[in-house]
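Reading the structure
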Amino acid sequence: MKDVGETWASLKKNLDSNAGAAAAADAAKLQSLFAETEAFWAPLNTFDAVNFAKRVQEGAGVIGAAAKSNDMKAALTSYAATQKNCGNCHLAHREDTGKGGFLIRP
Amino acid sequence: MPRLVFSILLGLLAVIEVQAQAAADSPEQKLAEEWIQRLNALDEWYLSVDGKEEGVEPLVNSMMDLYAPEVLAEVPPYDKDQIGPVMLRGKDNVRKWVERIARSQVRLNYIVKRQTEGPTGDYEGWRLVYSAKLPWGGNAIAFQIIGVWSLREDRRRYMAPGAVFIQYGPDGKIRRLRLLLGEIDQIVPL
């Protein structure tokens, strides 16, 4: 999960600068990272988190396809929609320790 | 004259406040709050980065410290096919029930219902705890609750009005527990 923030920021930067190939690479990396996230939650019987991870993978797929075809408008629209899953999952499962770290809530 | 009236009013308010404090600090009130706090704390554990459940045992132990070995507990059904309450005999069986709550429910928010004297005063005022001395020794308390919790697996949130009846032995451990939850409703956003 620690690579997600960096990749997500890179994706936005590449979409904003019309760098389609680089954005598609970021989207592919996000798909891979969220496959790991899904695998983390799956055995823990926490289906909402599993579904958030699945939706991000699907969203990243759409972003990547749009970026490859240089349709940045569509890619940015999907980016915004996909990003909502981050906030929803963090709200339910991430707790700020107040010391620069986070705890994972069941 | 106005000064005298003001002083009397002030005095009355002070007396009411002192009585309120006494009621809130009564041993029975503390027992009820202790039970509710330990129940609500059952979801305060975390997952490690490699997916291990950390901190469940101490929370379950904390709740189980309240119970006597021979406790008898009547709790709401927690099996989909179960109709009616479940009777748990002995601390080991109660522990399984407590552990199940800790591992399957999150965002636990059980509260003791408040009440004032007026006909509509059900949402503010005192957290009433009824108490009695038991003929065979020990004390009993009872209080109304509202139970709110979410299922860990899908985050569905539920609410139910209910009541708790607890009997303590002379050693201060819980010998009998009866938790009633009625009309369990799923909370859905409007």
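Residues numbered from 1 in each chain as written. Chains lettered and ligands numbered in written order. Predicted model: local features only at pLDDT ≥ 70, side-chain atom pairs only at ≥ 80, totals over all residues. Heavy atoms only, no water.

Details of the overall build of chain B
To keep things clear, this is the line we draw: To qualify as a helix, a DSSP run of H or I must reach at least 4 residues; to qualify as a strand, a run of E must reach at least 2; elements of each kind are numbered from the N terminus. Every residue pair with non-hydrogen atoms within 4.5 Å of one another is taken to be in contact. Note on areas: these come from Shrake-Rupley sampling with a 1.4 Å probe, and a residue is covered only by the protein chains present in the view.
Counting its regular elements, chain B contains four helices and 13 strands. At a minimum sequence separation of 6, the contacts of chain B that also span at least 24 residues come to 54%. Counting every atom, chain B has about 11,800 Å² of accessible surface; 57% of that belongs to carbon and sulfur.

Description of the environment of Gly138 of chain B
Residues and elements named next belong to chain B. By secondary structure assignment, the location of Gly138 is in the loop between strand E9 (130-133) and strand E10 (139-151). Taking C-alpha positions, Gly138 is 4.4 Å from Gly169, a pair spaced 31 residues apart along the chain. Leaving out residues up to four positions away in the same chain, Gly138 has contacts with Ala132, Lys133, Tyr168, Gly169 and Pro170.

Description of the interface of chain A and chain B
How big an interface is tends to be reported as the loss of accessible area on association of its parts. Our working definition: Two parts placed together each lose some accessible area under a 1.4 Å probe, and adding up what both lose gives the buried area. Throughout this description, the term salt bridge denotes a Lys or Arg side-chain nitrogen within 4 Å of a carboxyl oxygen of Asp or Glu. Pairs of N or O atoms within 3.5 Å make up the polar contacts considered here, provided that, within protein, one atom can donate a hydrogen while the other can accept it, and that residues adjacent in sequence are counted only when both atoms are side-chain atoms. Classes in brief: Ala, Val, Leu, Ile, Met, Phe, Trp, Tyr, Cys and Pro nonpolar; Asp, Glu, Lys and Arg charged; the others, Gly included, polar.
Facing 14 residues of chain A, the contacting portion of chain B comprises 14 residues. Between chain A and chain B the total buried area reaches about 1,200 Å² when both faces are included, carbon and sulfur atoms providing 59% of it. When residues of chain A are sorted by the area they lose upon contact with chain B, Leu44, Ile104 and Pro106 of chain A head the list and together hold 45% of the total. As a salt-bridge pair, Asp48 of chain A and Arg155 of chain B come within 3.8 Å of each other at their nearest N and O atoms. At the boundary of chain A with chain B, the tally comes to eight residue pairs in polar contact (both at pLDDT 80 or more). For the side of chain A that touches chain B, the elements supplying multiple residues, two or more each, are helix H2 (20-41), helix H3 (47-68), helix H4 (72-93) and strand E2 (102-104) of chain A. Residue composition of the side of chain A that touches chain B, grouped by class: eight nonpolar, three polar and three charged.

Some remarks on a nonpolar patch on the surface
Residue and element names in this part refer to chain B. The condition that has to hold: Any residue with relative accessible area above 30% and no salt bridge may belong to a patch, with like charges joined within 9 Å and the nonpolar Val, Leu, Ile, Met, Phe, Trp and Tyr side chains within 5 Å. With a 1.4 Å probe rolled over the protein chains alone, any residue whose accessible area is under 20% of its type maximum counts as buried; one over 50% counts as exposed, and the rest are partly exposed.
On the surface, a cluster of nonpolar side chains totalling about 300 Å² of accessible area is made up of Trp126, Leu128 and Tyr130. Looking at the element boundaries, Trp126 is found in strand E8 (residues 126-127). The exposure class assigned to Trp126 is partly exposed, which follows from its relative accessible area of 42%.

Topic: the packing of aromatic side chains
What counts, and what does not: In this scheme Phe, Tyr and Trp rings, the latter by its six-membered ring, pair at centre separations within 6.5 Å, and the angle between planes marks the pair as stacked below 30 degrees, edge-to-face above 60, and tilted otherwise. By definition here, charges over rings are those cases where NZ of Lys or CZ of Arg is within 6 Å of the ring centre and within 35 degrees of the ring normal.
Summed over the entire model, instances satisfying the criterion amount to five aromatic pairs over all chains. Summarising the aromatic geometry, the rings of Phe40 of chain A and Trp41 of chain A are spaced 5.1 Å apart at their centres and angled 90° between planes, so their arrangement reads as edge-to-face. A residue is classified by how much of its surface remains accessible, and Trp41 of chain A, at 5% relative accessible area, is buried. Between the aromatic rings of Trp149 of chain B and Tyr158 of chain B, the centroid separation amounts to 6.2 Å while the plane-to-plane angle is 25°, which identifies the pairing as stacked. Cluster of aromatic residues (ring-pair linked, three or more members): Tyr110, Trp149 and Tyr158 of chain B. When the ring centre of Phe102 of chain A is taken as origin, the NZ or CZ atom of Arg94 of chain A, which lies over that ring, is 3.8 Å away.

Some thoughts on the side chain of Thr46 of chain A
Within the secondary structure, Thr46 of chain A is located in the loop between H2 and H3. Thr46 of chain A has contacts with Trp41 and His93 of chain A together with Arg152, Glu153 and Arg155 of chain B, leaving out every residue within four places of it along the chain.

Some remarks on the side chain of Ser78 of chain A
Take Ser78 of chain A: it is sitting in helix H4. Among all residues touching Ser78 of chain A, those that are not within four sequence positions of it are Val62 and Ile63 of chain A.

Structural notes on the environment of Val86 of chain B
Residue and element names in this part refer to chain B. Position of Val86 among the secondary structure elements: in strand E4 (residues 86-89). Exposure remark for Val86: the relative accessible area of 18% places this residue in the buried category. Taking the C-alpha atoms as reference points, Val86 and Pro76, 10 residues apart in sequence, are found 6.1 Å from one another. Among residues more than four places away in sequence, those in contact with Val86 are Ala73, Glu74, Val75, Pro76 and Pro77.

What to know about the confidence of the model for chain B
The cut-off we apply is this: pLDDT is a per-residue confidence score from the predictor, ranging from 0 to 100.
For chain B, per-residue confidence averages 88 on the pLDDT scale, and residues scoring 70 or more make up 87% of the total. Across the assembled chains, the prediction reports ipTM 0.81 with pTM 0.83.

Quick word on the pairing of strand E11 (residues 157-168) of chain B
Sheet faces and side chains relate simply in a regular strand, where the side chains alternate between the two faces. Residue and element names in this part refer to chain B. Quick reminder of the rule: Between any two strands, at least two bridges found by DSSP are needed for them to pair.
Sheet analysis places E10 next to E11, joined by 12 bridges and oriented antiparallel. Within E11, the residue paired with Ala142 across the bridge is Phe165. The pairing of E11 with strand E13 (residues 185-187) spans three bridges and is antiparallel. Among the inter-strand pairings, Tyr158 is bridged to a residue of E13, identified as Gln186. The sheet contact formed by E11 and strand E12 (residues 174-181) spans seven bridges and is antiparallel. Pairing of Val164 across the sheet is with Leu179, part of E12. Taken together, E11 and the strand that follows it, E12, pair antiparallel across an intervening segment of five residues, in which Gly172 is found at a positive phi of about 85°.

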